[in-house]
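Inside the fold
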Amino acid sequence: MKKNIIYFLSCLVLAVGLVSCSDDNKEPLLPLSVLIEGGETQEIVQGGTLNLKAEVEGSSEVEYVWKLNGKDVATTSTYDFTATELGSYDVQLTVSNAEQGEASAKVTVDVYGKYKYGTFILNEGSAWGGDKGGYLIFISPEGKLVNKAFQEENNGAWLGSVPQDLFIANKKMYIVSQNGGNEGGFLTIVNAETLKLETAYGDELKGKIDWPTHVAVLGDDNIYLRDNAGIKLFHPSTGEATLIEGTNGARKNTMAVVEGKVFASQSKNLLVIEAGKNEVAATVEFDSNISGVVKSSDNNVWVSVSSGKIAKVNAKDYSIMKENDLAATNADAAKTLSASFAAAPSITAKGDTLYMSALSTKIYRHIFSTNETKLMVDAKEMVENANIVYNTVAVDPVTEGVYLNTIKGYGDVGINQISIFDFSGDTPTFKATYNDCTKYPAGTFFTSNFK
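Residues numbered from 1 in each chain as written. Predicted model: local features only at pLDDT ≥ 70, side-chain atom pairs only at ≥ 80, totals over all residues. Heavy atoms only, no water.

**Looking at the overall build of the protein chain**
The criterion, for reference: Each helix corresponds to a stretch of at least 4 residues labelled H or I by DSSP, and each strand to a stretch of at least 2 residues labelled E; elements are numbered beginning at the N terminus. Just to be clear, the radius of gyration here is over C-alpha atoms, and the globule rule we use is 2.2 Å times residues to the power 0.38. With a 1.4 Å probe rolled over the protein chains alone, any residue whose accessible area is under 20% of its type maximum counts as buried; one over 50% counts as exposed, and the rest are partly exposed. Only the protein chains shown count as cover for residues, and all accessible areas are computed by the Shrake-Rupley method using a 1.4 Å probe. Charge counting treats Lys and Arg as positive and Asp and Glu as negative, with His and both chain ends excluded. For this purpose, a charge sits on NZ of Lys, CZ of Arg, CG of Asp or CD of Glu.
Scanning the protein chain for helices and strands turns up 3 helices and 37 strands. Taking 22 Å as the expected radius of gyration for a compact globule of 451 residues, we find that the protein chain reaches 31 Å, considerably beyond that expectation. By its C-alpha atoms, the protein chain is 120 × 50 × 45 Å across when sized along the principal axes. Counting over 451 residues, the protein chain shows a buried share of 50%. In the form shown here, the protein chain has an accessible surface area of approximately 21,100 Å², with 48% of it arising from carbon and sulfur atoms. Across the protein chain, the 39 positively charged side chains and the 55 negatively charged ones have centroids separated by 2 Å.

**A closer look at the confidence of the model for the protein chain**
Keep this limit in mind: A residue's pLDDT is the confidence the predictor assigns to it, expressed on a 0 to 100 scale. The criterion used for residue contact is that any of the two residues' heavy atoms lie within 4.5 Å.
In this model, the protein chain carries an average pLDDT of 91, and 92% of its residues clear a pLDDT of 70 or more. Considering only residues more than four positions removed or in separate chains, one finds that residues 1–24, a stretch of pLDDT under 50, has 0 contacts.

**What about the environment of Val56?**
Turning to its location among the elements, Val56 is positioned in strand β3 (residues 49–57). Residue classification places Val56 among the partly exposed residues on the basis of a relative accessible area of 23%. In the structure, Val56 is positioned 39 residues away from Val95 in sequence and 8.1 Å away in space, judged by C-alpha atoms. Filtering out sequence-adjacent residues up to four positions away, Val56 remains in contact with Leu32, Ser33, Val34, Val62, Tyr64 and Val95.

**Here's the deal with the nonpolar core**
Threshold: Nonpolar cores are built from buried Ala, Val, Leu, Ile, Met, Phe, Trp, Tyr and Cys residues. Side-chain atoms within 4.5 Å join them into one set.
Within the largest apolar cluster, 28 residues are counted, with the highest numbers of intra-cluster contacts made by Tyr174, Leu187, Leu205, Val215, Ile223, Tyr224 and Leu225. Among the secondary structure elements, those contributing two or more residues to this core are β12 (161–169), β13 (172–180), β14 (187–191), β16 (214–219), β17 (222–226), β18 (231–235), β21 (261–266) and β22 (269–274). Here Leu225 is in contact with Val176, Leu187, Leu205, Ile209, His214, Val215, Gly230, Ile231, Lys232 and Phe234, once residues within four sequence places are set aside.

**Points about the sheet that holds strand β8 (residues 101–112)**
The cut-off we apply is this: Should DSSP find at least two bridges between two strands, the strands are taken to pair. To obtain an axis, a line is fitted to C-alpha atoms, over the contacting stretch when the element is a helix, and the angle between two such axes runs from 0 to 180 degrees between their N-to-C directions.
In spatial order, the strands read β2-β8-β7-β4-β5; together these 5 strands make up an open sheet with mixed pairing. The sheet is open, and its two borders are formed by β2 (41–45) and β5 (71–74), each paired with just one other strand. Averaged over all pairs of adjacent strands, the angle between their axes in this sheet comes to 35°, without regard to strand direction. One ladder, built from 5 bridges, connects β2 with β8; its direction is parallel. When the sheet's bridge partners are listed, Ile44 is paired in β8 with Val111.

**Regarding the pairing of strand β24 (residues 290–295)**
Along β24, 5 of the 6 residues are buried, which leaves the element largely enclosed by surrounding structure. Linking β24 to strand β25 (residues 301–305), which pair antiparallel, is a turn of 5 residues; within it Asn299 sits at a positive phi near 60°.

**Here's the deal with the environment of Phe167**
Position of Phe167 among the secondary structure elements: in strand β12. Remark: the alpha-carbon pair of Phe167 and Val109, spanning 58 residues in sequence, is separated by 27 Å. Beyond its immediate stretch of four places on either side in the chain, Phe167 contacts Lys172, Met173, Tyr174, Val215, Ala216, Val217, Val257 and Phe450.

**Comments concerning the environment of Gln266**
Let me state the cut-off plainly: Here a polar contact is recorded for every N or O atom pair within 3.5 Å, except that within protein the pair must consist of a potential hydrogen donor and a potential acceptor, and residues adjacent in sequence are included only if both atoms are side-chain atoms.
In this fold, Gln266 is placed in strand β21. A residue is classified by how much of its surface remains accessible, and Gln266, at 10% relative accessible area, is buried. Residues Gln266 and Ser291, 25 residues apart in the sequence, show an inter-C-alpha distance of 9.6 Å. Polar side-chain contacts of Gln266 include one of 2.9 Å to the backbone oxygen of Gly246.

**Section: the pairing of strand β6 (residues 78–82)**
Here β6 shows one buried face, formed by Tyr79 and Phe81, and one open face, formed by Thr78, Asp80 and Thr82. The pairing of β3 with β6 spans 5 bridges and is classified as antiparallel. Across the sheet, the residue bridging to Leu52 is Tyr79, located in β6.

**Side note on unusual backbone geometry**
Look at Leu195: it is not a glycine, yet its phi comes out positive at around 65°. With respect to the helices and strands, the residue Leu195 is situated in the loop between β14 and β15 (197–201). Of note in this structure, Ala358 is not a glycine but carries a positive phi near 55°.

**What to know about the packing of aromatic side chains**
Short version of the rule: Aromatic rings from Phe, Tyr and Trp, with only the six-membered ring used for Trp, were paired whenever their centres fell within 6.5 Å, and each pair was classed as stacked if the ring planes differed by under 30 degrees, edge-to-face if by over 60, and tilted otherwise.
In the structure shown here, the tally under the stated rule is 16 aromatic pairs. Measuring from centroid to centroid gives 6.4 Å for Tyr79 and Phe81, while their planes differ by 70°, and the two rings are edge-to-face. Arranged with centres 6.3 Å apart and planes meeting at 65°, the rings of Phe263 and Tyr318 form a pair that is edge-to-face. Residue Phe263 is located in strand β21, and its partner Tyr318 is located in the loop between β26 (309–313) and β27 (320–325); the two are separated by 55 residues in the primary sequence. A relative accessible area of 0% means that Phe263 is categorised as buried.

Written as structure tokens, this is what we have:
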């Protein structure tokens with residue numbers, strides 16, 4: 001009996017030892033870790049849906065709690081976020097189980113308007129043909145065209161008569177109409193992402209400006225309008241429109257904003273206007289009339305000159321960084337740099353690559369760093385009824401699509417085409433074409449150029 005008791009106790013001690021050794025060798029549970037696919041900041045177009053998905057490490061069995069701006073919205077591994085209002089939203093995900101505790105992840109979702117990204121084509125309409133005003137065409141990154149987008153977003157309201165130019169700054173779009181009148185007036189300001197009207201200046205600017213054609217913006221209260229007298233600084237807060245000294249005769253063409261300054265053309269001169277000043281801050285003189293002023297992707301200034309030259313100007317010290325003479329290498333391309341009556345610049349740029357067409361159907365490409373110039377296409381060979389080019393060629397700095405607006409004739413303005421060329425291959429092709437949408441297109445504007 002005594003031996004049996006000793007044997008039993010020995011087995012018990014051994015068993016306890018085995019259990020103890022087993023517990024010591026068991027791997028401890030790792031802490032939970034969770035991420036939300038797509039990163040800590042994401043965005044979605046207004047009315048769209050963003051599928052948010054959890055990535056959990058450390059366990060496959062957890063409970064999920066999603067919160068939107070602090071309120072519970074879902075208890076699954078995914079959450080479909082949809083918002084009808086613009087703005088920034090905080091989404092928090094918490095995962096947990098009894099053994100490992102909990103872990104959290106956050107994401108900020110920015111909801112933007114459907115017009116934030118894409119291409120606008122501004123149409124003059126017809127001041128003498130019974131139109132109420134001009135209109136905006138919008139082409140989304142996916143290629144969907146919205147005709148008369150401003151009217152669609154503002155209960156059928158029209159822009160002012162014969163709009164010529166637009167500028168995007170501080171989430172606002174500024175549209176200038178040279179004849180004023182109608183619902184929009186001389187200057188119409190809309191939300192740049194929704195196109196909802198914010199304010200319009202018509203009677204307030206009568207007698208203060210004379211046929212305004214172009215606009216540049218340095219701030220909500222610093223709006224520069226080019227008119228028949230020169231370039232005027234308009235302060236909406238006071239209603240004053242003051243002529244900038246030294247800008248008389250400023251060319252009827254696009255102005256550029258770089259490094260917080262306005263760059264404009266005046267015959268042979270590149271004018272520099274600084275915020276808050278009522279006189280020209282600096283002048284850069286060229287050998288012939290300037291035909292285009294465009295912001296470069298590295299925050300300097302492209303300048304084309306009717307003598308056939310393209311220069312890059314330093315936006316800080318106004319020195320000419322480099323100048324290429326196309327007339328010396330390609331005389332036909334050089335002719336497209338003439339200072340025509342087009343309201344848009346003679347050049348358009350995507351990085352180091354520039355395109356030019358003037359008012360002809362021939363589109364040339366110039367690679368600035370290598371000084372190479374090449375004829376890319378004669379649109380007449382690809383586009384039916386491309387008899388007249390209305391304003392100049394424009395390149396999308398994101399997609400590299402090259403836009404050309406053509407009409408059959410001034411008596412057949414309703415027969416027209418927006419052609420988007422793809423020059424990435426050995427032969428030119430179309431990225432897309434849109435028929436019979438425009439009416440005297442004043443210019444093509446890419447939202448990405450205003451960043």
